[in-house]
Amino acid sequence: MKSALLETGPILISLKEAGMLRIGEKIDTLRAAKGWTQEDLAKKLKTTPSAVSRWKGGHIIPSAETLAQLAKLFDVTVDYFLFDDVPLKPRGGFKDAELIEQLEQIDSLDDEARIGFKRFLKALIAEKKVNEALGHAK
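Before going into details, it helps to say that this report is about the structure given with it. Because the structure is predicted, anything quoted here is derived from the model rather than measured.

To continue, consider a nonpolar patch on the surface. Among the surface-exposed residues, Phe120, Leu121, Leu124 and Ile125 lie close enough to one another that they form a single nonpolar patch of about 360 Å² accessible area. With respect to the secondary-structure elements, Leu124 resides in helix H8 (residues 111-133). Under the relative-accessibility criterion, Leu124 is labelled partly exposed at 39%.

Shown next as structure tokens:
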């Protein structure tokens, strides 16, 4: 009789060789950057905190469906989780590191502050469009 370890051994070895066991590390890094607990992430994915913990430890790998949900949630590609040579690109290709850091903090603001920020940003964009239309582009 074969043990379960022997039956899954080659799969785990090939996953390690492919670097796929780093998926949990990447998920955990992105989760922490958002300021979310494992419980917060589990709620967003409608899964259990223990599943998130097992991903982090490399004990299990999220399903393809879950990887797609994670990619959407963190605004990355599924390839980012699967391969080590895929860079994490900021949403919209922002190059300003300080701006990226500030934008990542928006989710921590209360509703009123987020609404105010959105209004301010809309006003800046509207002003830019008006200036461009009038030939006063900055």
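Relative to the helices and strands, Thr66 is located in helix H5 (residues 64-74). Ignoring anything within four residues of it in the chain, the contact list for Thr66 reads Leu45 and Trp55.

What follows is about a negative patch on the surface. Residues Asp96, Glu98, Glu101 and Glu104 make up a contiguous surface patch of negative charge. Residue Asp96 is classed as partly exposed on the basis of its relative accessible area, which comes to 40%.

With that out of the way, let us pick up the nonpolar core. In terms of nonpolar packing, the biggest core is built from 18 residues, with Ile27, Leu41, Trp55, Leu70, Phe74 and Phe81 touching the most fellow members. Of all the secondary-structure elements, those providing two or more residues to this core are helix H2 (23-34), helix H3 (38-45), helix H4 (49-56), H5 and helix H6 (78-82). Looking at which element gives the most residues to this core, the answer is H5, with 4 residues. Setting aside chain neighbours within four positions, we find Trp55 in contact with Gly24, Ile27, Leu45, Thr47, Ile60, Ile61, Pro62, Thr66 and Leu70.

Below, the discussion takes up the packing of aromatic side chains. Aromatic ring pairs are defined here through the distance separating the ring centres and the angle between the ring planes. Following the criterion strictly, the structure yields 2 aromatic pairs and no others. A centroid spacing of 5.6 Å and a plane angle of 35° characterise the contact between Trp36 and Phe74, whose relative ring orientation is tilted. With a gap of 38 residues between them, Trp36 in the loop between H2 and H3 and Phe74 in helix H5 connect regions that are remote in the sequence. You can call Trp36 buried: its relative accessible area is 13%. On the basis of relative accessibility, which here comes to 7%, the residue Phe74 falls in the buried class. For the pair Tyr80 and Phe81, a centre-to-centre distance of 5.6 Å together with 65° between the ring planes defines the contact as edge-to-face. Phe81 shares its class with Tyr80; the two are buried. The ring of Tyr80 has Lys26 lying over it, and the distance from NZ or CZ to the ring centre is 4.8 Å. We note Lys44 situated over the ring of Trp36; from NZ or CZ to the ring centre the distance is 4.6 Å.

Conventions used here
- In this numbering scheme, every chain counts its residues from 1 along its sequence in written order.
- Only residues with pLDDT of at least 70 get local features here, since the model is predicted, and only at 80 or more are side-chain atom pairs given and counted; chain-wide, interface and lining totals rely on the full set of residues.
- Side-chain metrics rest on all non-hydrogen atoms present in the structure, leaving aside hydrogens and water.
- A patch consists of residues exposed above 30% relative accessible area that lack any salt bridge, with like charges linked at up to 9 Å and nonpolar side chains (Val, Leu, Ile, Met, Phe, Trp, Tyr) linked at up to 5 Å.
- Here the accessible surface of atoms and residues is derived via Shrake-Rupley with a 1.4 Å probe, and residues count as covered only by protein chains that are part of the display.
- The term salt bridge refers to a pairing of a side-chain nitrogen on Lys or Arg with a carboxyl oxygen on Asp or Glu at a separation within 4 Å.
- For the purposes of this entry, the term helix denotes a DSSP run of H or I that reaches at least four residues, the term strand denotes a run of E that reaches at least two, and both are numbered from the N terminus.
- Residue burial is assigned from relative accessible area. The probe radius is 1.4 Å, only protein chains are included, and a residue is buried under 20% of its type maximum, exposed over 50%, and partly exposed in between.
- Any two residues whose heavy atoms approach within 4.5 Å are treated as being in contact.
- The positive count covers Lys and Arg only, the negative count covers Asp and Glu only, and His and the chain ends enter neither.
- Taken as the charge location is NZ of Lys, CZ of Arg, CG of Asp or CD of Glu.
- To form a nonpolar core, buried Ala, Val, Leu, Ile, Met, Phe, Trp, Tyr and Cys residues must be joined to one another through side-chain atoms within 4.5 Å.
- Centres within 6.5 Å make a pair out of two Phe, Tyr or Trp rings, where for Trp the six-membered ring is used; the pair is then stacked when the planes are under 30 degrees apart, edge-to-face when over 60, and tilted otherwise.
- By definition, being over a ring means that NZ of Lys or CZ of Arg is both within 6 Å of the ring centre and within 35 degrees of the ring normal.

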